[in-house]
Amino acid sequence: MKLTELSVGQDELDEIQKVFESGYLTQGLKTSEFEDRVKKFTKSKWAHATSSATTGLHLSLVAIGVGAGDEVIIPDFSFPATANVIEQLGATPIFVDISLDTFNVDATKIATALSPRTKAIMPVHAFGLCAEMDTIKDIADNYSIDVVEDAACALGATYKGVSAGKFGRLGVFSFHPRKIITTGEGGMIITDDDEMSERLSLLRSHGAIRLDHYLQFEEIGFNYRLSDINSAIGVVQMKKIQAVLTGRRHAAMAYSMRLSGIDGVSVPSEPIDHLHSYQSYVIILSRPINRDKVIRLMRDAGVETTLGTYAMHLQPVFRRRYGLSDADFPNASHAHRQCLTLPLGHSMTNVEIDFVCDNLLNAIKLSRDDHKANYMSG
Ligand SMILES: *Cc1c(COP(=O)(O)O)cnc(C)c1O
């Protein structure tokens, strides 16, 4: 059983065929159509497709003016692209520990991470659950700094009925195959800010504006466009998104029913006012259990699982640069070592969920022994 269930087939192929027949392959009308669908779905004023969420995040930070010497506050627990895009601008990521209830940045710890050089806060909506955006926005407004949401996993997630990506000045989604919907590779920046929207579309395509017969170059830009071929897939995927979200939610609820109350397992929470997109269904295995052994045993039983996501201070690249210690990030450290992502798909049956859970409980039973040695070396 695979970690993710894809839903791409003939409908997507038919839409790609139309792009081929149009003779126009790069960012064009199909990309506009895809952007319109995301705009409508998230109720945002502007949407700009990018070649990935990583390029979308990079572009967003450039658009708000992050540069050398600036600091950007992010959670320690995320896919490291969140930090890389900050580094690539000569700026410094300031890591903040997470809360284990939500896997999101612990908003009470943001204040101590602020400095006169703080340019922005980039909360991550971990696995599709919105961060505490009210508190984060209050802090940002108080200190006149921007918020860019890494909403890579959170298309379809809401907080108080408002779509992820709508709380910050900019919000960025991913269409990597492991996310809610896919375009193969792809991303999308949403914003309600007219000035940002204009800057994004300029910078996304070489910093150039189109005159009658050729371009004129106004800024040092990028080519971060999404092709119409990828966007064709996105157009069809957006038609299915509600069904995909409902199906994933169903599977997540079924898992939680089976697994809550099991000794050594804590299931993901969905606090009041939140709608989780369940990009991943992530549990925490409590400490006598050797998570990596569970992953191995599950793989041997034909069930693909993986870690949750990464504590960035534990990655060699950031460890070398900043020499951060586990003591500064007790929750992210624990999550890095003890989280487990279970397979999740929109059309998962109860039989499949039982199969995963039976194997999980069995693997847990066999993984309480040599834990300590592994934990210390990981
Ligand atoms: C997947 C992911 C990214 C990167 O998305 P790509 O589209 O693959 O570039 C960034 N941040 C988070 C939190 C992610 O989960």
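Residues numbered from 1 in each chain as written. Predicted model: local features only at pLDDT ≥ 70, side-chain atom pairs only at ≥ 80, totals over all residues. Heavy atoms only, no water.

Undergrad: Can you help me understand the site of the ligand in this one?
TA: Taken together, the neighbourhood of the ligand is formed by 14 residues, with Ala53, Thr54, Asp150, Ser174 and Lys179 sitting nearest. Within the side chain of Ser174, a nitrogen or oxygen atom sits 2.7 Å from an oxygen atom of the ligand. Separating an oxygen atom of the ligand from a side-chain N or O atom of Lys179 is a distance of 2.9 Å. Notes on the ligand: free accessible area 380 Å², of which the protein chains cover 90%. Tallied by class, the residues present in the shell around the ligand amount to five nonpolar, seven polar and two charged. (Near = heavy atom within 4 Å. Polar contact = N/O pair within 3.5 Å; in protein donor to acceptor, adjacent residues only side chain to side chain. Areas by Shrake-Rupley, 256 points an atom, 1.4 Å probe, with all protein chains shown as cover. Nonpolar A, V, L, I, M, F, W, Y, C, P; charged D, E, K, R; others polar.)

Undergrad: Explain unusual backbone geometry to me, please; I cannot follow it from the model alone.
TA: It is generally the case that most residues other than glycine have a negative phi and that most peptide bonds are trans. With a phi angle near 65 degrees, His206 is a residue other than glycine that sits in the positive phi range. The phi dihedral of Asp273 falls on the positive side, at around 80 degrees, and the residue is not glycine. Within the element layout of this structure, Asp273 appears in the loop between strand E12 (265-266) and strand E13 (274-275). (Helix = DSSP H or I, 4+ residues; strand = E, 2+ residues; numbered from the N terminus.)

Undergrad: Honestly, the packing of helix H1 (residues 10-22) against helix H7 (residues 228-259) in this entry has me stumped. Any pointers?
TA: Think of two packed helices as two axes; the pair is described by the angle between the axes and how far apart they sit. Running from amino to carboxyl end, H1 crosses H7 at an angle of 145 degrees, the nearest separation of the two axes being 8 Å. Taken as a pair, H1 and H7 cross one another with a handedness that is right-handed. Counted together, Asp11, Glu12, Glu15, Ile16, Val19 and Phe20 of H1 and Asp228, Ile229, Ala232, Ile233, Val235, Val236, Gln237 and Lys240 of H7 form the full contact between these two elements. (Axes fitted to C-alpha atoms, helices over the stretch in contact; angles between N-to-C directions. Left-handed = near helix turned anticlockwise from the far one by under 90°. Contact = heavy atoms within 4.5 Å.)

Undergrad: I would appreciate a short explanation of the packing of aromatic side chains in the present structure.
TA: Any two aromatic rings considered together are summarised by their centre-to-centre distance and by the angle between their planes. Tallied over the entire structure, the rule returns 11 aromatic pairs. Judged by centre distance (5.6 Å) and plane angle (70 degrees), the ring pair of Phe95 and Phe318 falls under edge-to-face. In this pair, Phe95 sits in strand E3 (residues 92-96) while Phe318 sits in helix H9 (residues 316-322), placing the two residues 223 residues apart along the sequence. By relative accessible area, which is 9% here, Phe95 ends up buried. With a centroid separation of 4.6 Å and an interplanar angle of 15 degrees, the aromatic rings of Phe222 and Tyr224 are classed as stacked. With respect to class, Phe222 is no different from Tyr224; both count as buried. Aromatic rings pair up to connect Phe77, Phe103 and Phe127 into one cluster. (Phe/Tyr/Trp six-rings, centres within 6.5 Å; stacked < 30°, edge-to-face > 60°. Buried < 20%, exposed > 50% of the residue type's maximum accessible area, 1.4 Å probe, protein only.)

Undergrad: Looking at this model, I keep getting lost on the pattern of salt bridges. Mind explaining?
TA: A pair can form between side chains of opposite charge whenever their charged atoms are brought close. All chains considered together, the criterion is met by 23 salt bridges. For Asp194, the salt bridge is made with Lys45, and the minimal N-O distance between the two is 2.8 Å. Residue Asp194 is located in helix H6 (residues 194-204), and its partner Lys45 is located in the loop between helix H2 (29-42) and strand E1 (46-50); the two are separated by 149 residues in the primary sequence. Note on Asp194: relative accessible area 38%, which makes it partly exposed. Residue Lys166 is joined to Asp192 by a salt bridge in which the shortest nitrogen-to-oxygen separation is 2.8 Å. In this pair, Lys166 sits in the loop between strand E7 (162-163) and strand E8 (170-174) while Asp192 sits in the loop between strand E9 (187-191) and H6, placing the two residues 26 residues apart along the sequence. In this structure Asp192 comes out as partly exposed when scored by relative accessible area, which is 39%. (Salt bridge = Lys/Arg side-chain N within 4 Å of Asp/Glu carboxyl O.)

Undergrad: What's the story with H6 in this structure? I'm lost.
TA: Two residues of an α-helix separated by three or four positions point the same way, owing to the 3.6 residues in each turn. Turning to H6, its buried residues are Met196, Ser197, Leu200, Leu202, Leu203 and Arg204. Looking at the buried positions of H6, the neighbouring elements they touch are H2, E1, helix H3 (53-63), E8, E9 and strand E10 (208-210). Within two residues after H6, His206 carries a phi angle of roughly 65 degrees, on the positive side.

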